[in-house]
Amino acid sequence: MTTIALLASLTILGYALCYLAVCAVSPWGRCRRCHGRRYHRTAIGTRRDCRRCDGTGIRVRIGRRLIDYIRTEYRAGHQ
């Protein structure tokens, strides 16, 4: 039982480290609302700029926000 728990925890840790590495290399992802198209269709069928990404089609990944937060806290603690 402990071997399975250890293997599961190492798998989760490995996945988290790979995700943080991807976020460090490529901090931008496609917007989830407009899927990177920069606009979305309204109820009557017209196009509007996406409000979530301000019409850019990209967003900052959650992992990158976490990296930036940790970096900011680290620097604030060492001043």
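Residues numbered from 1 in each chain as written. Predicted model: local features only at pLDDT ≥ 70, side-chain atom pairs only at ≥ 80, totals over all residues. Heavy atoms only, no water.

With that settled, the discussion passes to helix α2 (residues 62-77). Here α2 spans 23 Å end to end across 16 residues, near enough to the 22 Å set by a 1.5 Å rise per residue. Turning to α2, its buried residues are Gly63, Arg64 and Ile67. All buried residues of α2 project into a common sector of 100° when viewed along the axis, lining one side. In this structure, α2 carries Ile62, Arg65, Tyr69 and Gly77 as exposed residues pointing more than 90 degrees from its buried face. (Helix = DSSP H or I, 4+ residues; strand = E, 2+ residues; numbered from the N terminus. Expected span 1.5 Å × (residues − 1). Buried < 20%, exposed > 50% of the residue type's maximum accessible area, 1.4 Å probe, protein only. Arc of directions from axis to C-beta.)

What follows covers a positive patch on the surface. Taken together, Arg32, Arg33, Arg48, Arg51 and Arg52 make up a surface patch of like positive charges. Secondary-structure assignment places Arg51 in the loop between β3 (47-49) and β4 (58-60). Judged by its relative accessible area of 67%, Arg51 falls in the exposed class. (Patch = residues over 30% accessible without salt bridge, like charges linked within 9 Å, V, L, I, M, F, W, Y side chains within 5 Å. Areas by Shrake-Rupley, 256 points an atom, 1.4 Å probe, with all protein chains shown as cover. Salt bridge = Lys/Arg side-chain N within 4 Å of Asp/Glu carboxyl O. Lys, Arg positive; Asp, Glu negative; His and termini not counted. Charge placed at Lys NZ, Arg CZ, Asp CG, Glu CD.)

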